[in-house]
Amino acid sequence: MRYSKMLIPTLKEIPAEAEVISHTLMLRAGLIRKLAAGIYSLLPLGLSVTKKVEDIIREEMNRSGAQEVLLPTVQPAELWKESGRWEEYGKELLRFKDRHQREFCFGPTHEEVITDLIRKEIRSYRQLPLNLYQIQTKFRDEIRPRFGIMRGREFIMKDAYSFDCDETGADESYKKMYDTYCRIFERCGLRFKAVEAETGIIGGSFSHEFMVLADSGEEGVVFCNGCDYAANIDRAEIRIEEKGNEGEKKKMMMMKEIKKVNTPGRKTVEEVSRYLKVSPQDLVKTLIFETENGIIAGLVRGDHQINETKLKRFLDSNIMVLAGDETVKEVTGAPSGFAGPVDLNIAIFADQGVKGMQNFITGANEIDAHNINVNIGRDFEIKGYGDIRNVREDDKCPRCGKDIDIKRGIEVGHIFKLGTRYSQILRATYIDSKGKEQLIIMGCYGIGVGRTISAAIEQNHDENGIIWPMPIAPFQVFILPVDTKDTTVMERSEKIYNSLLDKKIDVLIDDRDDRPGVKFKDADLIGIPIQVIIGLKNLREGNIEIKIRRNGEILKWRVDTVIDKIMELI
Ligand code: ATP
Ligand code: MG
């Protein structure tokens, strides 16, 4: 392609709307443009990268035996009502009506549609296993679309669905997708980790997320340094250090008398512990939540953070929101910051780390007051203990007990073992070899195409711009004639350009009549891996300069060997 004919609207300035580097660079390099919040146009360079990523995905999915389909984006409400998700999905589901007032949604995911297809088409065990995938536009009305196409509302996803006769088969399908995903992200040139994850709104029995490690990641990822344990923050188990029973008993004798003390204006753990000259570990925080089954309290040790997703899973509830000031006042009789478990008339759940704590400090359900020497059993009852707090750097691996690391990650892919979550409710069955009707066992597997591209930029850039990994670069080679007015330079440039085209290399020639400085800047910004710099001085000596974008290395090659050497590099 010729630069002068392409729409590559590069920008010098950092756009005000951009919050992370990949977003900035995608705008600056002219890959994307915003139409509305979370809704973007892909310009030629952006589309080119998208197609490269899609091709890698396609090749690996096909290699795994999956078949490509294309399902409708517009989906009838009836199907979603049948699965129960019309209600469950909430505001992320974009709903609308047709001219006959029939309800529809724009697909945020396709479990319903694919299960409907399968229940109509599959009769016998002989037709299974099956894995169908598509690469398609999804719409999710995200509450906070941000970071460009990393978290868009309209975005391209590869989604796949597997159908098996039994658990063993379903586990094999899952494993195959796990391996396929590793190959896909490796081929995209990403540094990633597969971590144990939540199943969330999609449902099912277990899942893994594929996380690209980057500081801008929205998710916390926990890894063990000793074994291969890895999980996202919401999933990471807390290792409980075993305590001897003797110690427990001895301590139980020392319960002190509960007392109310003044803590004027001190609400936070830090303020209270400093004021009372104790450590945050001696406090227990009481948080009030609203759930679909009523208001509850969650307790964690003062220096710990409650994890709402864990609490939600522990209580098996669909709704879990931190109560607002008014509700807190209603339930505890005091403003937020002074809630405590004593004389609280709601169900109280506690983190397992609170078990065994004695003579601790809590809010007194009264403004400017806390209770000291509070004890479980004597002063209040706990309805249940669970793992409901965030893991910390000083926790140990739940599997092997070694040190752990916590890093930030971008979730680029997610695989789920669904089991019979959808086949049961939508009645997707087959007849087994003995003539008996059985439920189909399902799995589902997603990759965010745009998010993968954003993540690739987060990991591959410098102060001058993007540094594309070769397999997903919009072009492999960038030819930069320094002086477009010089015929020797232009003839040689055209010759190299055409030779590379003949060899099926994706090559962009900067034929713009612009100052070299502008061209060099743009070349670095759009980040094509190999720059072929053709200048008169070098040509006269029979040389051509090659710049490797990744490390800035400059190579000087003889004119007649240039093509072969480029092919070697690629
Ligand atoms: P998140 O927790 O980031 O919202 P999710 O768990 O909702 O993601 P899935 O339903 O598992 O995502 O979707 C599969 C994949 O689609 C994700 O791994 C991600 O790469 C991509 N994806 C999900 N939501 C978006 C979005 N709003 N914009 C771009 N890609 C997305
Ligand atoms: Mg989501």
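Source: prediction; values computed, not measured. (Residues numbered from 1 in each chain as written. Chains lettered and ligands numbered in written order. Predicted model: local features only at pLDDT ≥ 70, side-chain atom pairs only at ≥ 80, totals over all residues. Heavy atoms only, no water.)

J.: Sorry if this is basic, but what is going on with the overall build of the protein here?
T.: Regarding its fold elements, the protein presents 16 helices and 31 strands. In terms of overall dimensions, the protein has C-alpha extents of about 95 × 70 × 50 Å along its principal axes. In the protein, which comprises 570 residues, the proportion classed as buried is 54%. Residue pairs in contact within the protein that sit at least 24 positions apart in sequence constitute 68% of those at least 6 positions apart. Total accessible area on the protein is roughly 26,900 Å²; 49% of this is exposed by carbon and sulfur atoms. Taken as two groups, the 86 positive and 91 negative side-chain charges of the protein have centres that lie 1 Å from each other. (Helix = DSSP H or I, 4+ residues; strand = E, 2+ residues; numbered from the N terminus. Buried < 20%, exposed > 50% of the residue type's maximum accessible area, 1.4 Å probe, protein only. Contact = heavy atoms within 4.5 Å. Areas by Shrake-Rupley, 256 points an atom, 1.4 Å probe, with all protein chains shown as cover. Lys, Arg positive; Asp, Glu negative; His and termini not counted. Charge placed at Lys NZ, Arg CZ, Asp CG, Glu CD.)

J.: Whenever I open this one, unusual backbone geometry confuses me. Can you help?
T.: A negative phi angle is the norm for most residues apart from glycine, just as the trans form is the norm for most peptide bonds. Of the consecutive residues L128 and P129, the connecting peptide bond is found in the cis state with omega at 0°. Despite not being glycine, K504 shows a phi value in the positive range, around 65°. By secondary structure assignment, the location of K504 is in the loop between helix 13 (487-502) and strand 28 (507-509). Taking relative accessible area as the criterion, K504 reaches 71% and is therefore assigned exposed.

J.: So what exactly am I meant to see when it comes to the site of ligand 1 here?
T.: Neighbouring ligand 1 are 16 residues, the closest being E142, R151, G152, E411 and R451. Take V412: an N or O atom from its main chain is 2.9 Å from an oxygen atom of ligand 1. Contact between ligand 1 and R451: an oxygen atom at 2.9 Å from a side-chain N or O atom of the residue. Those elements giving two or more residues to the shell around ligand 1 turn out to be strand 8 (154-164) and strand 21 (404-419). No other element matches the 5 residues that strand 21 contributes to the shell around ligand 1. (Near = heavy atom within 4 Å. Polar contact = N/O pair within 3.5 Å; in protein donor to acceptor, adjacent residues only side chain to side chain.)

J.: What should I look at first to understand a nonpolar patch on the surface in this one?
T.: Residues M567, L569 and I570 make up a contiguous nonpolar surface patch of about 210 Å² in total accessible area. In this fold, I570 is placed in the segment after helix 16 (562-569). (Patch = residues over 30% accessible without salt bridge, like charges linked within 9 Å, V, L, I, M, F, W, Y side chains within 5 Å. Salt bridge = Lys/Arg side-chain N within 4 Å of Asp/Glu carboxyl O.)

J.: Help me understand the domain arrangement of the protein, please; the structure alone is not making it clear to me.
T.: Here the protein is described as being made up of domain 1 (11-237 + 406-458), domain 2 (248-386) and domain 3 (475-569). Per-residue buried area on domain 1 facing domain 3 is highest for A29, L45 and K52; these three make up 68% of the total on that side. Summed over the shared surface of domain 1 and domain 3, the result is 1 salt bridge. Of the charged contacts, one joins K52 and D506 as a salt bridge, the two residues approaching to 2.6 Å between their closest N and O atoms. Counting every contact that joins domain 1 to domain 3 gives 1 residue pair in polar contact (both at pLDDT 80 or more). Of all elements in the fold, only helix 1 (21-28) and helix 2 (44-63) reach the threshold of two or more residues within the side of domain 1 that touches domain 3. (Domains from an automatic or database assignment. Buried area = accessible area lost by both parts, 1.4 Å probe.)

J.: What is the right way to look at the environment of I149 in this model?
T.: One can find I149 in the loop between strand 7 (130-139) and strand 8. The exposure class of I149 is buried, given its relative accessible area of 14%. Between the alpha carbons of I149 and S336 there is a distance of 38 Å; along the sequence they are 187 residues apart. Other than its neighbours up to four places away in sequence, I149 contacts M26, I32, Y40, G450, R451 and S454.

J.: Explain the pairing of strand 6 (residues 103-106) here, please?
T.: The two faces of the sheet receive side chains in turn, since in a regular strand these alternate between them. Of the pairings in the sheet, the one linking strand 4 (residues 74-76) to strand 6 comprises 3 bridges and is antiparallel in character. Bridged to Q75 within strand 6 is C105. Bridging between strand 5 (residues 94-97) and strand 6 involves 4 bridges; their strand directions are antiparallel. Paired with L94 across the strands is F106, a residue of strand 6. Hairpin connection of strand 5 to strand 6: 5 residues between the antiparallel strands, including Q101 at a positive phi of 65°. (Pairing = 2+ DSSP bridges.)

J.: What exactly am I supposed to notice about the sheet that holds strand 27 (residues 477-481) here?
T.: Across a sheet, strands are paired by hydrogen bonds formed along the backbone, either parallel or antiparallel in direction. Strands sit in the order 28-27-29-30-31 across an open sheet of 5 strands; the sheet is mixed. Each end of this open sheet is capped by a strand with a single partner; those strands are strand 28 and strand 31 (554-558). Sheet twist, expressed as the mean angle between neighbouring strand axes with direction ignored, is 25°. Direction of pairing for strand 27 relative to strand 28: parallel, over a ladder of 3 bridges. Considered in strand 28, the bridge of V477 is made with V507. Of the strands in this sheet, strand 27, strand 28, strand 29 (530-534) and strand 30 (543-548) are in contact with helix 14 (residues 516-526), which crosses strand 27 at around 175°. Across the sheet, helix 16 touches strand 27, strand 29, strand 30 and strand 31, and the angle it forms with strand 31 is around 135°. (Axes fitted to C-alpha atoms, helices over the stretch in contact; angles between N-to-C directions.)

J.: Help me understand helix 16, please; the structure alone is not making it clear to me.
T.: Restricting attention to buried positions, one finds in helix 16 the residues V562, I563 and I566. Around the axis of helix 16, the buried residues are gathered within 95° of arc, so they sit on the same side. Exposed residues on helix 16 whose side chains face more than 90 degrees from its buried face are D564 and E568. (Arc of directions from axis to C-beta.)

J.: Can you help me understand the pairing of strand 17 (residues 347-351) in this one?
T.: Here strand 17 lies mainly inside the structure; 4 of its 5 residues are buried. Of the strand pairs in this sheet, strand 15 (residues 294-301) and strand 17 are connected by 4 bridges, and their pairing is parallel. Bridge pairing in strand 17 places A297 opposite I348. Pairing between strand 17 and strand 20 (residues 384-386): 3 bridges, direction parallel. Residue pairing for strand 20: F349 is matched across the bridge by G384.

J.: Help me understand the packing of aromatic side chains in this model?
T.: Ring pairs (aromatic) are described by centroid distance and by the angle formed between their planes. This structure, assessed with the given rule, holds 12 aromatic pairs. Between Y3 and F478 the ring centres are 6.3 Å apart and the planes differ by 90°, which places this aromatic pair in the edge-to-face class. Here F478 lies in strand 27 and Y3 lies in the segment before helix 1, a separation of 475 residues in the sequence. The exposure classification of Y3 matches that of F478, with both residues buried. Considering the side-chain rings of F360 and F380, the 6.4 Å spacing of their centres and the 80° angle between planes classify their relative orientation as edge-to-face. One end of the pair, F360, is in strand 18 (residues 360-363); the other, F380, is in the loop between strand 19 (369-374) and strand 20, and 20 residues separate them in sequence. (Phe/Tyr/Trp six-rings, centres within 6.5 Å; stacked < 30°, edge-to-face > 60°.)

J.: When you look at the pattern of salt bridges in this model, what are you seeing that I'm missing?
T.: Pairing between side chains becomes possible if they bear opposite charge and their charged atoms approach one another. Following the criterion strictly, the structure yields 41 salt bridges and no others. The partner of R146 in a salt bridge is E218, and the shortest N-O contact between them spans 2.7 Å. Pair noted here: R146 is in the loop between strand 7 and strand 8 and E218 is in the loop between strand 10 (206-213) and strand 11 (219-224), with a separation of 72 residues, a long-range link. Accessibility expressed as a relative area gives 25% for R146, which makes it partly exposed. Among the ionic contacts, a cluster of salt bridges with common partners joins E59, E60, R63, R183 and R187.

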